Amino acid sequence: MDPFLTSRVVTDILGGLTNGVTYGLLALSLVLIWRSTGILNFAQGAMPMFATYLGFALLSYHFGYWPCVVACVIAALIIGGLTERLLVRRLYGKPEINPIVVMVGFLIVLEAVAAAIWSSTPRSLPSPFSSIHWQLAGKPFALSPFTVYEIVTALVVMLAVAALFRFTNLGLQLRASALAPEVSRLLGVRVGRLLTLGWMLSTAVGVITAILVSANFFSGLTPTVMDGIFAYGFIAAAIGGLESPVGAITAGVVLGVVNQFVIDFVNQNAVIIIALGILVVSLMVRPSGVFTKSSQRRV
Amino acid sequence: MPRDFSGIDCERDLRGDLQLRFVTPTLTHQGFKTREMDIMVKTKTRRVTITGTALLLVLGLVTAGGSVVGAGAATKVPGVTARQITIGATEPVTGIASSGYNQVAKAANAVFKWVNAHHHGIYGRKIKYVIKDDCYGTPGFGCTGVPNTATQTHALLGIPVFATVGSLGTPTQDSVRALLKSNGVPQLFVASGSRDWNSAHKYPGLFGWQPSYNEEGKIFATYIKSTYPGANVCFMGQGDDFGQDGLAGLIAGGVKPLSADLYSVPDLVATNGASVAPYIQDFQSKKCTVVVLDTIPGATDAALGAALQLGYSPHWVISSVGSDPQTVDAPFVGKVPTDPEIGAVTFSYLPTTTTNSAWIPWITKVIEADPTDFPGFTSSSVLNGNIAYGAAYGVSFVEALMATGKNLTRASFLKTLQRVTFSQTPSLVPLRYSTSNHQGLNGGYLTTVISNAAMKPLTGKVYTADSSTDGRVTAATKLSHGIPSWLK
Amino acid sequence: MRLIAVRFRVPIAIAIAIAIAIAIAVTVLAIVAAANVRQGIALSIAFDLAVACVVVMSVPGLKASHPVVSRAALTLLGLDIAIFLTYFFSSSTNFNLATGAAMSIVLLGLSFLTGASGQISLGNGAFMGVGAFAMAIWANHHSSTPIVLTLLIAVMCGALVGLLLGLPATRLRGPYLAGMTFAFAVAFTFILSSFSSWTGGDSGLQLPTAAIAPRWLDGFFQAGTSPLKTTTLYITDVAIVVAGVAFFFMANLFASRTGRSMRLIRDNDVAAELVGVSLPRTRVVAFIVSSAYAALGGALLTLIDNSVSPQTYSFALSVTILSLIVIGGIGTISGALIGGVIYAFSTNFISWITTQTGLNPQGNLASQLNGIIFGGLLIVTMLFAPFGITGAARLLWHRLRTRSAR
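Residues numbered from 1 in each chain as written. Chains lettered and ligands numbered in written order. Predicted model: local features only at pLDDT ≥ 70, side-chain atom pairs only at ≥ 80, totals over all residues.

**Student:** So what exactly am I meant to see when it comes to the overall build of chain A here?
**Tutor:** In terms of regular secondary structure, chain A is built from 12 helices and two strands. Reading the helices (α) and strands (β) of chain A from amino to carboxyl end gives α-α-α-α-α-β-β-α-α-α-α-α-α-α. Along the three orthogonal principal directions, the C-alpha set of chain A runs to about 65 × 50 × 35 Å. Taken over 299 residues, chain A has a buried fraction of 55%. In chain A, of all internal contacts separated by at least 6 residues, the share reaching a separation of at least 24 is 73%. (Helix = DSSP H or I, 4+ residues; strand = E, 2+ residues; numbered from the N terminus. Buried ≥ 20, exposed ≤ 12 C-beta atoms within 10 Å, placed from the backbone. Contact = placed C-beta atoms within 7 Å.)

Structure follows, in structure tokens:
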């Protein structure tokens, strides 16, 4: 059993799974925003990053890790809500490229302001679990307590979001507002409020990702820590379909595993190139995503 | 602009052309909105009036008057007056390479400021050091300067400067070699260990300063051969001159690594250090007991961190570029019980703070006297590698100026530099150039990291090597000694 | 004479005669006064050319009947004035202008793509890199090729890559296209690393020889100036001429049938299809044009810097390009020009702000000023003035005109 568990293939799969769940979470938050407001949010990595900085600023007041995590989530909810109210509201009904350009600008501003306040030197964050990999019969195993925590947290969040949408009244209202806003309005649903809530939720999902990623053993929290995750998260969402949460998560996990194999068997440079290639091919074959049920064409 | 709920609108637009507008209502999730489709009909053209000609008439008269503008009278020696000598450098003050490296030029400037204040400059000329931020040529990552070394070098040349002193970076300085040469501006003491600065025939005004990565590699090879004979050695280096020259030096010195990997800096930054982990994993599976790192501090951290995670602890041999204990240990403080760099062997061409070199208190004194650039630095502050490096080349420049004499021209300065051996410098070995060798310092000793702030010499024996294909390493016979009296 | 109405013929003839007389007088004056005869001749040619352009443009009805000639005259006039001015600027300013000229070409390409055909690309920085590296690699292997030819080769490389990326782009809606070009921009540096034996790895490449003015142009520069000033002046003038040619072609493209069908697709693609415009083909053509222009800008930048480095062509550059054209004015030619000027002097502007507000230049805030200002301007412009400075200026002029009409 041990040789199997520490074999190259299993190591790659487990390592890829660890990264893949973060891509999947980010892809999920992208899908949440797309489905509720029809906007591709390029600042989807930067907003949680900023919330993480705000939350962990409490460290200097001698709060522990878990209280800071709670603070991060609260900060994320606030940032998501404010962004929707102040920035995104003005963009409904405008040409498609306007929101994209604005969110790219927002990405730049958030990273610049974070670096202006907290500097771009990497910030070490405390970690609740050790990052040292377990050893099986003297050989390193691909998982450590921290990576298990990462995977479990990600799965819990995904299930929670799924449960929210499927089983709660709020979830039903969110889905209705996205699908048929006029009808929902007529039925008494406060569409505007729910759009704000959609953004808040997606930023909260993003901040979980950011917290998991920033406790990176190597260098910690920097303003650009989410850039790579965003790139792969977007690719996963585009491949799986911006309309489909399940597709986004699946594509994210698969992409993470594929990446790990590419790093191991090819080389590091090839990873993003191959990911780009997969994206291009998948968009040519199914432009609206692999997992999208109906192929709509907006006329 | 009137909006009807439907129909055709007819308007004249900004150019005077006619615009027909079709306005139709559409239903969106926000409610009713109007959508417009414009069809433009050209009905008019414009003329440029004779006032345009009148304007150009004025221009023409200015032409005639302006054609007597002659070239400005050039100063005798660019950048040099009776009272001041102006030198410049392009440095990563902000941006990706700035943490740590932005202290280097500031330390040199502290030396110049001190010499200006305490000795009224050299032969009455105060030294003005103009530092331009080129962000290591890399935009983004907090760059506030101009991420283009050529642009910043042009700006320096326009001042004009007597020479560039201590500009940092291999690719950045490579890109302006031709520019500086064609303008006759000396490119002095480039802050990089590449062998590119040692091309005296092609670039007579170009001088390196620190020992080359190649020399360092040879000295490492000697150490590894004698301390770990027959061990499996693995190498990880940066994917440019730094790693490639270092590897070549290692091999020339007699150590052939089992596995040699080169990492790329943009990859490193993009993945927050994770790009290095597969290499370390590879080293572990190949059972390497000695790992040589030709890495910048960020990559050193990534390698040490990856090894920690995998439970892998080889003997580390780290290049002087990326071994500064304070810089390297910073991310690990509080996360691991002991600094992972402790016990690593590295190379140093400047005296460590644990020795009793007279230069250590002198440099401390000079830095303390500069609270503008080094606020809060006191005699009990850590004198890290970056500060020591900058102060050292600052001293070299000042000594070279002194040796040239009052009659200062570019030619006389370069001649002096290639003739004189500077044996009272902060570096362990004297600084010496010749008409055929522009590399600079060629030796140092091996040190070991003892804490997260200090290193101490391993044996204290100083070795020298050269940058040729010859792998020989010899013990240094002449070391530098003391501070010149006029500088104290 | 056919296109000139009868009643204008006499005044036009008189105007031409006066202009020619002035031109001859100034020429003689220039030759007599100039220290360097060739220089004097050059300056007087510049003046005469300017006069000729103005005269041509004064012909009524020219813009309607011969728009290409009218644009050519305007371009020549602009180039004339620009080159004339570069003689008087410092080499530092000239260098900045040259960089701005190269950037304005790239902006032109993106302006066309976004404004004229409604597609968005976040990868123009990468296309710049394609052109830049193509130029450097070719120059290193075939150093005897004249500059113009190497530039054209770089443009073709850019167009080729644009075709490769543009083909899948035809089926994509805005966000997906944005995302795909974003992925390409991010992947570009890694593509460069993969071929590091050609691209010089992290260090990049240098051009084998610095760009020096050819012999026959030598005498037209002021005698007795430093080699720095002459080289910089030459390369700046080359950059301005290339930019002028690029603007000329773009202006014609905007107004041509292709340009019109692109704008129709932007506004209402269903109507365009009904009218018979081929959607995929037009979209791909727009994409190719935009990437070719970006490649030209990148190649020119390599020429100016005499070197190329992979770190320059990152995603951050693509964002800078986007911000500049949004601020200048999407879909307009003057927007590209404004954006280029802003780029040329933005660093001076930021260091001016730093000194005015007394910020520590090495402090955290000062180092991020670039990002904060550009990102902020991008958001504000897009929200409140989506058509940039050009759009706002036009709106203002329109308001002033309608006001005066009442």
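Additional details are given in the paragraphs that follow.
**Student:** Is there a simple way to think about the overall build of chain B in this case?
**Tutor:** Scanning chain B from terminus to terminus reveals 14 helices and 18 strands. Classification of the 488 residues of chain B by burial places 54% in the buried group. Intrachain contacts of chain B at a sequence separation of at least 6 include 68% that bridge at least 24 residues.

**Student:** Hey, could you run me through helix α8 (residues 174-194) of chain C in this one?
**Tutor:** Each full turn of the α-helix corresponds to 3.6 residues, which orients residues three or four apart in the same direction. Residue and element names in this part refer to chain C. In a regular helix each residue adds 1.5 Å, so 21 residues correspond to 30 Å; α8 covers 30 Å between its end C-alpha atoms and thus fits that length. Along α8, the helix axis deviates most sharply at Ala187, where the bend reaches about 35°. Of all 21 residues that make up α8, 19 are buried, and the element is covered over most of its length. (Expected span 1.5 Å × (residues − 1). Bend = angle between axes of the 7 residues up to and from the residue.)

**Student:** Where do I start with the packing of helix α5 (residues 91-117) of chain C against helix α15 (residues 315-328) of chain C in this structure?
**Tutor:** Relative orientation and spacing of two packed helices are given, respectively, by the angle between their axes and the distance between those axes. Residues and elements named next belong to chain C. Taken N-terminus to C-terminus, the directions of α5 and α15 make an angle of 70°; their axes are 9 Å apart at the nearest point. Viewed along their axes, α5 and α15 adopt a mutual orientation that is roughly perpendicular. Residues Val106, Leu107, Leu110 and Ser111 of α5 form the contact with α15, whose own contacting residues are Ile321, Leu322, Leu324, Ile325 and Gly328. Tallied by class, residues from the contact of α5 with α15 come to seven nonpolar, two polar and no charged. (Axes fitted to C-alpha atoms, helices over the stretch in contact; angles between N-to-C directions. Parallel < 35°, antiparallel > 145°, perpendicular 65-115°, else oblique. Nonpolar A, V, L, I, M, F, W, Y, C, P; charged D, E, K, R; others polar.)

**Student:** What is the right way to look at the environment of Ser143 of chain C in this model?
**Tutor:** Residue and element names in this part refer to chain C. Along the chain, Ser143 turns up in the loop between α6 (124-141) and α7 (147-169). Along the chain, Ser143 and Thr209 lie 66 residues apart, while their C-alpha atoms are 8.0 Å from each other. Beyond its immediate sequence surroundings of up to four residues, Ser143 is in contact with Pro208 and Thr209.

**Student:** Looking at this structure, how should I read unusual backbone geometry?
**Tutor:** A negative phi angle is the norm for most residues apart from glycine, just as the trans form is the norm for most peptide bonds. Note the cis peptide between Ile159 of chain B and Pro160 of chain B, where omega equals -5°. Tracing the chain through its elements places Pro160 of chain B in the loop between α3 (149-157) and β6 (164-165). Even without glycine at this site, His120 of chain B takes up a positive phi of about 50°. Positionally, His120 of chain B belongs in the loop between α2 (98-119) and β5 (126-133). Despite not being glycine, Asn306 of chain C shows a phi value in the positive range, around 65°.

**Student:** What exactly am I supposed to notice about the nonpolar core here?
**Tutor:** Note on soluble globular proteins: their nonpolar side chains tend to be buried together. If you look at the biggest cluster of nonpolar residues, it comprises 202 residues, and the most contacted ones within it are Ala27 and Ile235 of chain A together with Ala239, Ala295 and Leu296 of chain C. Top contributing element to this core by residue count: helix α5 (residues 97-118) of chain A, with 16 residues. Excluding residues that lie within four positions of it along the chain, Ala295 of chain C makes contacts with Phe127, Met128, Val130, Gly131, Ala134, Ala154, Val155, Cys157 and Gly158 of chain C. In this structure, Leu247, Phe283, Val398 and Leu441 of chain B belong to the second largest nonpolar core, which totals 122 residues. (Core = buried A, V, L, I, M, F, W, Y, C linked by C-beta atoms within 7 Å.)

**Student:** I tried to follow the sheet that holds strand β17 (residues 455-464) of chain B on my own but got confused; where do I start?
**Tutor:** Pairing within the open sheet is mixed, and its eight strands lie in the order β10-β9-β11-β12-β13-β16-β17-β18 (chain B). Single-partner strands in this sheet number two, and they are β10 (259-263) and β18 (474-475) of chain B. (Pairing = 2+ DSSP bridges.)

**Student:** For this particular structure, what's the right way to read the confidence of the model for chain A?
**Tutor:** Atomic detail in the predicted coordinates should be set aside for any region of low pLDDT. All names here are of chain A. Across chain A, the average pLDDT comes to 86, with 96% of residues at 70 or higher. Predicted confidence in chain A is weakest over helix α1 (residues 2-5), with a mean pLDDT of 74, and strongest over helix α3 (residues 46-56), with 94. Per-residue pLDDT stays below 50 along residues 295-299; that stretch engages in three contacts with residues further than four places along the chain or on separate chains. (pLDDT = per-residue confidence, 0-100.)

**Student:** Just checking my understanding: could you explain the packing of α7 of chain C against helix α14 (residues 279-305) of chain C for this structure?
**Tutor:** Residue and element names in this part refer to chain C. One can describe the packing of α7 onto α14 by two numbers: an axis separation of 7 Å at closest approach and a directional angle of 145°. The hand of the α7/α14 crossing is right-handed. Classifying every residue of the contact of α7 with α14 gives 19 nonpolar, five polar and one charged. (Left-handed = near helix turned anticlockwise from the far one by under 90°.)

**Student:** Got a minute to help me understand helix α12 (residues 270-285) of chain A in this structure?
**Tutor:** Between its first and last C-alpha atoms α12 of chain A spans 22 Å; for 16 residues at 1.5 Å apiece the expected length is 22 Å, and the two agree. Within the sequence span of α12 of chain A, burial applies to Val271, Ile272, Ala275, Leu276, Leu279 and Leu283 of chain A. End-on, the buried residues of α12 of chain A take up no more than an arc of 130°, which puts them together on one face. Projecting away from the buried face of α12 of chain A at angles above 90 degrees are the exposed residues Val281 and Val285 of chain A. Taken together, the buried residues of α12 of chain A touch α10 (227-240) and α11 (245-265) of chain A together with α7 and α8 of chain C. (Arc of directions from axis to C-beta.)

**Student:** Just checking my understanding: could you explain the pairing of strand β12 (residues 315-318) of chain B for this structure?
**Tutor:** Successive side chains on a regular strand alternate, one facing one side of the sheet and the next facing the other. Residue and element names in this part refer to chain B. Relative to β12, strand β11 (residues 290-294) is paired through four bridges, and the arrangement is parallel. Bridge assignment links Val291 to a residue of β12, and that residue is Trp316. In the classification by handedness, the crossover that spans β11, the intervening helix α10 (residues 297-310) and the parallel β12 is right-handed. In terms of strand pairing, β12 meets strand β13 (residues 345-348) through two bridges, oriented parallel. Directly across from Ile318, in β13, lies its bridge partner Thr346. (Right-handed = clockwise from strand over helix to strand, strands pointing away.)

**Student:** Sorry, what's going on with the pairing of β10 of chain B here?
**Tutor:** Residues and elements named next belong to chain B. Sheet topology places strand β9 (residues 233-238) next to β10; five bridges connect them, and they run parallel. In the strand pairing of β10, Gly237 is matched with Leu262. Handedness of the crossover joining β9 and β10 through helix α7 (residues 241-252) is recorded here as right-handed.

**Student:** Can you help me understand the confidence of the model for chain B in this one?
**Tutor:** All names here are of chain B. For chain B, per-residue confidence averages 83 on the pLDDT scale, and 83% of positions sit at 70 or higher. Between residues 1-5, whose pLDDT stays under 50, and residues either more than four places distant or in other chains, the model counts five contacts. Counted against residues more than four places away or in other chains, residues 40-49, with its pLDDT under 50, gives 19 contacts. Predicted complex, confidence summary: ipTM 0.87, pTM 0.80.

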